[in-house]
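Chain by chain, the residues:
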Amino acid sequence: MTAMNRVGVVVPQTIKSLGLTKKYYAQCAVLFWRTIVGDEIASHARAQRLERGILTVTVSNSVWTHHLFLLKQDLIGKINTYIGQNVITDIRFLAGNSFKGTNEENTNTNEAVPLYVKLKAIRLEKAEVMEARKMVEAVADPVLRKKLLTMLYKNAALKKVRKKEGWQECRCCGVLCPPDDGYCAACLIEQKRESLSAVRKMLRQAPWQNYSEFNKSLPCSFSDYLTAKQYLMNNLIQAIRIGQADDNDEAALAMLTTGLSPVDLTDDMIINQTAKFRRKSHVSTPRS
């Protein structure tokens, strides 16, 4: 078998059977970063980790962060094409000091002992070494096989380091996360998104409720309540300004702004409230 341009076609069947396919692709996005994006970009930006489709990349400065942000969609396409799977949905760029002294592992700059030192101190068991070798034995390309084997060794060593430090599996996806965290960052973001969605949905059904009343029906933070309320208001205002709002939308906006229930709200109040927003020359853009 000759060398391949796409690594997705040489995923060993053993990796699939062990349920490690996602981790394999995630590691490939980091391991082959320089090959995919080229030396110029790789000298200013380094791929750190891939979690739930979001690739975190540390960048040397804000100028390059802006430049790469403009190239984001192209980079996502290149990575997915190279891997052979649509594993990247977004890229998060982090500029500044986090770029200095980092490598392709997920490091913690606050650690007294550098992570690479801890990794070197780890000795894998014979069974772990044999398992890693078995996982890549189906890869015919010797260069690719060696890189994958190195990746698996590092991944196994990193798990041991983290477990010694008290890291535990995320309650949702199983990825190791710090001792004080029950969920990894990606799962927390997803939970936050789902929580805000639920708050928006219920607030749309009862837009007159203040936080104290609302929190009894659906416990949430005051910040989430305000964020959801502002989101609904912005969307309703936009709909009114472009002529796509119906009577229910106008009534909902009036209740959100006045706090009056449907029983206390009059037609004149609705007209007065919507008229205020129709006169506004600038309206905030709704956030998704």
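Residues numbered from 1 in each chain as written. Predicted model: local features only at pLDDT ≥ 70, side-chain atom pairs only at ≥ 80, totals over all residues. Heavy atoms only, no water.

On to the sheet that holds strand β1 (residues 45-51). On the basis of which strands lie adjacent, the open sheet formed by three strands has the order β1-β2-β3 and mixed pairing. This sheet does not close on itself; its edge strands, each paired only once, are β1 and β3 (90-95). In this sheet, adjacent strand axes meet at a mean angle of 25° when their direction is disregarded. Of the strand pairs in this sheet, β1 and strand β2 (residues 54-59) are connected by six bridges, and their pairing is antiparallel. Residue Leu50 lies in a different strand from β2, and its bridge partner there is Leu55. (Pairing = 2+ DSSP bridges. Helix = DSSP H or I, 4+ residues; strand = E, 2+ residues; numbered from the N terminus. Axes fitted to C-alpha atoms, helices over the stretch in contact; angles between N-to-C directions.)

This part takes up the environment of Trp33. You can see Trp33 is positioned in helix α3 (residues 33-37). Taking the relative accessible area as the measure of exposure, Trp33 reaches 3% and is therefore buried. With 46 residues separating them along the chain, Trp33 and Ile79 place their C-alpha atoms 8.1 Å apart. Once you skip the residues sitting within four places of it in the chain, Trp33 turns out to touch Cys28, Gly38, Ile41, Ala42, Ala45, Arg46, Ala47, Leu55, Val57 and Ile79. A polar contact of 2.8 Å, which involves the side chain of Trp33, links it to the backbone oxygen of Ala45. (Buried < 20%, exposed > 50% of the residue type's maximum accessible area, 1.4 Å probe, protein only. Contact = heavy atoms within 4.5 Å. Polar contact = N/O pair within 3.5 Å; in protein donor to acceptor, adjacent residues only side chain to side chain.)

What follows is about the nonpolar core. Across soluble globular proteins, nonpolar side chains have a tendency to be buried as a group. Trp33, Leu55, Ile79, Ile88 and Ile91 are the most contacted members of the largest nonpolar core, which has 35 residues in total. Ignoring sequence-local partners within four residues, the contact set of Ile79 consists of Ala29, Trp33, Ile36, Leu55, Ile88 and Ile91. With 15 residues, the next largest nonpolar core counts Tyr225, Leu232, Ile240 and Phe277 among its residues. (Core = buried A, V, L, I, M, F, W, Y, C linked by side-chain atoms within 4.5 Å.)

Right, let's get into the packing of helix α13 (residues 247-258) against helix α14 (residues 267-278). One way to put it is that α13 packs onto α14 with a least axis distance of 9 Å and a crossing angle of 90°. In this view, α13 runs roughly perpendicular relative to α14, as classed from their interaxial angle. Contacts from Glu250, Ala251, Leu253, Ala254, Thr257 and Thr258 of α13 reach α14 at Ile270, Gln273, Thr274, Phe277 and Arg278. Class assignment for the residues of the contact of α13 with α14 results in five nonpolar, four polar and two charged. (Parallel < 35°, antiparallel > 145°, perpendicular 65-115°, else oblique. Nonpolar A, V, L, I, M, F, W, Y, C, P; charged D, E, K, R; others polar.)

So, about helix α10 (residues 185-205). Between its first and last C-alpha atoms α10 spans 31 Å; for 21 residues at 1.5 Å apiece the expected length is 30 Å, and the two agree. Three or more residues of α10 are buried, namely Ala186, Cys187, Leu196, Val199, Arg200 and Leu203. On the buried face of α10, the contacting elements are β1, α11 (211-217), α12 (222-241) and α13. (Expected span 1.5 Å × (residues − 1).)

This next bit is on the pattern of salt bridges. This structure, assessed with the given rule, holds eight salt bridges. A salt bridge links Glu165 to Arg162, with the shortest nitrogen-to-oxygen separation between them at 3.1 Å. With a relative accessible area of 27%, Glu165 lands in the partly exposed category. We note a salt bridge from Asp249 to Arg204, for which the minimum N-O separation is 2.6 Å. Of this pair, Asp249 sits in helix α13 while Arg204 sits in helix α10; the two residues are 45 residues apart in sequence, bridging distant segments of the chain. (Salt bridge = Lys/Arg side-chain N within 4 Å of Asp/Glu carboxyl O.)

By relative accessible area, which is 15% here, Asp249 ends up buried. Among the polar contacts made by the side chain of Asp249, one reaches the side chain of Arg204 at a distance of 2.6 Å. Asp249 has contacts with Arg204, Leu236 and Gln244, leaving out every residue within four places of it along the chain.

All right, on to the packing of α12 against α13 then. In a packed pair of helices, the relevant descriptors are the angle between the two axes and the axis-to-axis distance. Put simply, α12 and α13 touch, their axes get as near as 10 Å, and they point 140° apart. The orientation of α12 with respect to α13, classified from their angle, is oblique. Relative to α13, α12 is oriented so that their crossing is left-handed. Contacts between α12 and α13 involve Lys229, Leu232, Met233, Leu236, Ile237 and Ile240 from the first element and Asp249, Glu250, Ala252, Leu253, Leu256 and Thr257 from the second. When the residues that make up the contact of α12 with α13 are grouped by side-chain class, the tally is eight nonpolar, one polar and three charged. (Left-handed = near helix turned anticlockwise from the far one by under 90°.)

We now examine the packing of aromatic side chains. One pass over the structure, following the stated rule, counts five aromatic pairs. With a centroid separation of 6.3 Å and an interplanar angle of 20°, the aromatic rings of Phe222 and Tyr225 are classed as stacked. Here Phe222 and its partner Tyr225 are both found in helix α12, three residues apart, which amounts to about one turn of the helix. The exposure class of Phe222 is partly exposed, given its relative accessible area of 45%. On the basis of relative accessible area, Tyr225 is assigned to the buried category, the value being 3%. (Phe/Tyr/Trp six-rings, centres within 6.5 Å; stacked < 30°, edge-to-face > 60°.)

With respect to the secondary-structure elements, Asn210 resides in the loop between α10 and α11. For Asn210, a relative accessible area of 39% gives the class partly exposed. For the pair formed by Asn210 and Tyr225, sequence separation is 15 residues and the distance between their alpha carbons is 9.1 Å.

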